[in-house]
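Fold and contact review
Letter by letter, the chains look like this.
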Amino acid sequence: MSAGADDGPAGGTGGGAVRVVIADDHPMYRYGLAAVLAADGSVDVVGEAGDGDGLLAAVERTAPDVVVTDLAMPGLDGTAATRALLARHHDLGVLVLTMHEDDEALFGALRAGARGYLLKDADSADIVRAVLTVAAGDAVYGRAVAHRIIAFFTGAHRAYAAQVFPELTEREREVLDLVALGHGNHQIARRLVLSEKTVRNHVSAILFKLQVSDRAAAVARARDAGMGRPASG
């Protein structure tokens, strides 16, 4: 049965069912999703939350196996909540169930540690199956999401990087990519056939345009955008 936002048993279900907490800021959607999951005998919805902070509290209160969360919620969003949860509960399975199918939302959630990502137009059977898959420790993605992941890792990440960093020139993105790979100025200069002074100027421009204080912060931003990966083949 579904528990309310401030409810939820602290102990196990006794029947071996997968314990689930739902987080979504739309009460009627939570109600419908809880009904879908509770209708399957292998799932027990033990708590609900309307925002990320409520989700953190519900997880501490109910010790679920899986969290099913939206991304866009007031206060702490689903991505930030996922990151915070997995810092404390390493084995917790997180399944994102959202309307957002853009690359930034998708890869932000995956970087935070989500093991599943479905769009809200998924049918009931797919949602239940995804919950059970994530509970088993495996990853699951909807078809549209899987296509985006494949495209990203087959080269579309460069176009994504251009979207994320439109303020950088193509050469600056190229330099940033090499910085994110861990190369120093000397290596970058040799790789791009530039002087070290030119590379230093590019790096300074990158830090200024990204409004970060040092290379480490720039590297973090770059890797979040999928840069800094060795070329395949």
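Please refer to the structure higher up on the page.
Let us look at the structure shown here. These figures come from a predicted structure and were not determined experimentally.

Comments concerning the overall build of the protein
- Tallying secondary structure elements over the protein gives ten helices and six strands in all.
- Per-residue burial for the protein yields a buried fraction of 42% across its 233 residues.

Some thoughts on the packing of helix H2 (residues 52-62) against helix H3 (residues 78-88)
- One can describe the packing of H2 onto H3 by two numbers: an axis separation of 9 Å at closest approach and a directional angle of 25 degrees. What the angle tells us is that H2 and H3 run roughly parallel. Along this stretch, H2 crosses H3, giving a crossing that reads as right-handed. Residues Gly52, Leu55, Leu56, Val59 and Glu60 of H2 pack against Ala81, Ala84, Leu85 and Arg88 of H3.
- Residues of the contact of H2 with H3, tallied by class, amount to six nonpolar, one polar and two charged.

Observations concerning the nonpolar core
- In terms of nonpolar packing, the biggest core is built from 25 residues, with Leu55, Val67, Leu92 and Tyr117 touching the most fellow members.
- A total of four residues in this core trace back to one element, the largest contributor, which is helix H4 (residues 103-112).
- Not counting the four nearest positions on each side in its chain, Tyr117 is found in contact with Leu71, Leu95, Val96, Thr98, His100, Ala105, Leu106, Ala109, Val140, Tyr141, Gly142 and Val145.
- Listed in part, the 21 residues of the second largest apolar core include Ile206, Ala218, Ala222 and Met227.

Side note on the sheet that holds strand E5 (residues 116-119)
- Overall, parallel pairing links the six strands, which are arranged E2-E1-E3-E4-E5-E6 in an open sheet. In this open sheet, the two strands that pair with only one neighbour each are strand E2 (43-49) and strand E6 (140-141).
- Bridging between E5 and E6 involves two bridges; their strand directions are parallel. Following the sheet pairing, Gly116 is matched in E6 by Val140.

A few points about the pattern of salt bridges
- In the structure shown here, the tally under the stated rule is seven salt bridges.
- Its salt-bridge partner being Glu60, residue Arg88 comes within 3.8 Å of it at the nearest N-O pair. Remark: Glu60 occurs in helix H2 and Arg88 occurs in helix H3; sequence separation between them is 28 residues.
- You can call Arg88 exposed: its relative accessible area is 60%.
- Residue classification places Glu60 among the partly exposed positions, given a relative accessible area of 41%.
- A salt bridge links Glu174 to Arg171, with the shortest nitrogen-to-oxygen separation between them at 3.0 Å. With a gap of three residues between them, Glu174 and Arg171 both fall in helix H7 (residues 170-180), about one helical turn apart.
- For Glu174, a relative accessible area of 35% translates into the label partly exposed.
- Judged by its relative accessible area of 31%, Arg171 falls in the partly exposed class.
- Connected through shared salt-bridge partners, Asp24, Asp70 and Lys120 make up one network.

About the cut-offs
Residues numbered from 1 in each chain as written. Predicted model: local features only at pLDDT ≥ 70, side-chain atom pairs only at ≥ 80, totals over all residues. Heavy atoms only, no water. Helix = DSSP H or I, 4+ residues; strand = E, 2+ residues; numbered from the N terminus. Buried < 20%, exposed > 50% of the residue type's maximum accessible area, 1.4 Å probe, protein only. Axes fitted to C-alpha atoms, helices over the stretch in contact; angles between N-to-C directions. Parallel < 35°, antiparallel > 145°, perpendicular 65-115°, else oblique. Left-handed = near helix turned anticlockwise from the far one by under 90°. Contact = heavy atoms within 4.5 Å. Nonpolar A, V, L, I, M, F, W, Y, C, P; charged D, E, K, R; others polar. Core = buried A, V, L, I, M, F, W, Y, C linked by side-chain atoms within 4.5 Å. Pairing = 2+ DSSP bridges. Salt bridge = Lys/Arg side-chain N within 4 Å of Asp/Glu carboxyl O.

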